[in-house]
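Chain residues, written in single-letter form:
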Amino acid sequence: MEIIVKQTEHELAEVAADAIQDLVERKPDAVLGVATGSSPLPIYRELGARVKAGTMSLARAKAYQLDEYVGLPADHPQGYRNFVEREFVAITDIESRNVHGENGQAQDLIAECARYEQEIVDAGGIDLQILGIGVDGHIAFNEPGTSLGSLTHPAVLTEQTRRDNARFFDGDITQVPTHALTQGVGTILRSRTAVLIATGANKADAVAAMVEGPVTSLCTGSALQLHPNVKILLDEPAASKLKNLDFYREIFDRRPEGTWLGL
Ligand code: F6R
């Protein structure tokens, strides 16, 4: 794991955007994995700014969503497809038809998950997966207890997650769906590169468990310890409970020249 701590969300977004820019310069038709929620928004805005400035393009890139709520009407603004259209597609030059997600309205949810997993495989796999982490340590909607080998599957959301996400539903937990379709932990581990962004003191316990705790399904983010190429982007409050923080800073400062992020 490469732990990168910066002062501001904007600086973290620049690191992630540099990685994505480097990828699409090498591979214009790269496959991105896109998260929703608040954490990745600064990354999408930074990508949007670079596209607008003409310094990068996602015109040939593809993207796959991490997850989608089950049962929301197709035009619900908090449906993750609509979120991705608004917060990512609309502000970059990625083509809407090249952005894919699970269909949370499918009749047969299990078949839909198998179809989606295969679609990612057929696309050549995800080159770079953007992730956030929930306060209970979940990545995507892989709640505590989810198999660390799981592929895309229907999931039940914990009350904690529904409470956290109620802020997107007028603060009303009863409006937050109880189920979602989500890439599994195993799906995420198949990505070639993963970039997780976490900001704020409310993520400090989850970040410490993910980075320094045991690998356990009780904190599915901890499975990223098994990922061969994962960058964890943190602000100071989110990093504040890491025991070895000074050493992670030293690793970053002494990184060999020409390493992937090159920053
Ligand atoms: C979103 C997702 C979730 C969020 C996590 C953190 O697609 O899969 O795992 O990344 O719940 O959410 P925020 O960023 O809103 O704190």
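Values in this document were obtained by computation on a predicted structure and should not be read as measured data.

K.L.:
Please give an account of empty space enclosed by the protein that cites residues and values.
P.N.:
To locate leftover empty space, one rolls a probe as large as a water molecule over the atoms. Applying the stated criterion across every chain, the model contains two cavities of 30 Å³ or more. Approximately 50 Å³ is the volume found for the largest cavity. Counting only elements with at least two residues in the lining of the largest cavity, the list comes to strand 1 (2-6) and helix 9 (245-253). Residues of the lining of the largest cavity, tallied by class, amount to five nonpolar, no polar and one charged. In this structure, the second largest cavity occupies an estimated 40 Å³ of space. Together, Gly37, Tyr69, Gln78, Tyr80, Phe83, Phe168 and Phe169 line the second largest cavity. Considered class by class, the residues forming the lining of the second largest cavity number five nonpolar, two polar and no charged.

K.L.:
Explain the packing of aromatic side chains to me, using residue names and the numbers behind them.
P.N.:
Here a ring pair, both rings aromatic, is described through the centre-centre distance and the interplanar angle of the planes. Under the counting rule described, the total for this entry stands at seven aromatic pairs. Aromatic side chains tyrosine 69 and phenylalanine 169 sit 5.7 Å apart centroid to centroid with 80 degrees between the ring planes, which places their arrangement in the edge-to-face category. Within this pair, whereas tyrosine 69 is found in strand 4 (residues 67-69), its partner phenylalanine 169 is found in the loop between helix 5 (159-165) and strand 8 (179-182), the two being separated by 100 residues in sequence. This pair shows no difference in class: tyrosine 69 is buried, exactly as phenylalanine 169 is.

K.L.:
A description of the layout of surface pockets should follow, citing residues and the corresponding values.
P.N.:
By volume, the largest pocket is sized at about 470 Å³. Forming the walls of the largest pocket are 27 residues, and the residues nearest its centre are Gly37, Ser39, Ile133, His138 and Lys203. Approximately 210 Å³ is the volume attributed to the second largest pocket. Lining the second largest pocket are 18 residues, with Glu68, Ala74, Arg81, Gly104 and Gln105 sitting closest to its centre. Of all the secondary-structure elements, those providing two or more residues to the lining of the second largest pocket are strand 4 and helix 3 (80-89).

K.L.:
Outline the sheet that holds strand 2 (residues 31-34), supporting the account with residue identities and numerical values.
P.N.:
With respect to topology, seven strands assemble into an open sheet ordered 1-10-9-6-2-3-5, the strand pairing being parallel. Single-partner strands in this sheet number two, and they are strand 1 and strand 5 (99-100). In this structure, strand 9 (residues 193-198) lies alongside strand 10 (residues 230-235), joined through five bridges in parallel fashion. Looking at the pairing, isoleucine 197 lines up with leucine 233 of strand 10.

K.L.:
Give a detailed account of the side chain of arginine 50, specifying residues and quantitative values.
P.N.:
Topologically, arginine 50 is positioned in helix 2 (residues 41-53). According to the relative accessible area criterion, arginine 50 is buried, its value standing at 10%. Here the side chain of arginine 50 touches glutamate 46 through a polar contact of 2.8 Å, side chain to side chain. For arginine 50, the residues in contact, after removing those within four places along its chain, are Glu14, Ala17, Asp18, Gln21, Thr55 and Met56.

K.L.:
Hey, could you go over the pairing of strand 3 (residues 62-65) for me, with residue numbers and the actual values?
P.N.:
When strand 2 meets strand 3, the two strands line up parallel, connected through four bridges. Considered in strand 3, the bridge of valine 31 is made with lysine 62. You can see the chain leave strand 2, run along helix 2 and come back into strand 3, and the turn it takes is right-handed. Relative to strand 5, strand 3 runs parallel, the two being bridged by two bridges. Paired with alanine 63 across the two strands is valine 99, which belongs to strand 5.

Criteria and thresholds
- Residues numbered from 1 in each chain as written.
- Predicted model: local features only at pLDDT ≥ 70, side-chain atom pairs only at ≥ 80, totals over all residues.
- Heavy atoms only, no water.
- 1 Å grid on protein atoms, 1.4 Å probe; cavity = no way out; pocket = protein on both sides within 12 Å on 5 of 7 lines; lining within 4 Å.
- Points joined across faces, edges and corners; volume = space filled by probe spheres on them.
- Helix = DSSP H or I, 4+ residues; strand = E, 2+ residues; numbered from the N terminus.
- Nonpolar A, V, L, I, M, F, W, Y, C, P; charged D, E, K, R; others polar.
- Phe/Tyr/Trp six-rings, centres within 6.5 Å; stacked < 30°, edge-to-face > 60°.
- Buried < 20%, exposed > 50% of the residue type's maximum accessible area, 1.4 Å probe, protein only.
- Pairing = 2+ DSSP bridges.
- Polar contact = N/O pair within 3.5 Å; in protein donor to acceptor, adjacent residues only side chain to side chain.
- Contact = heavy atoms within 4.5 Å.
- Right-handed = clockwise from strand over helix to strand, strands pointing away.

Keep in mind these values describe shape, not function.
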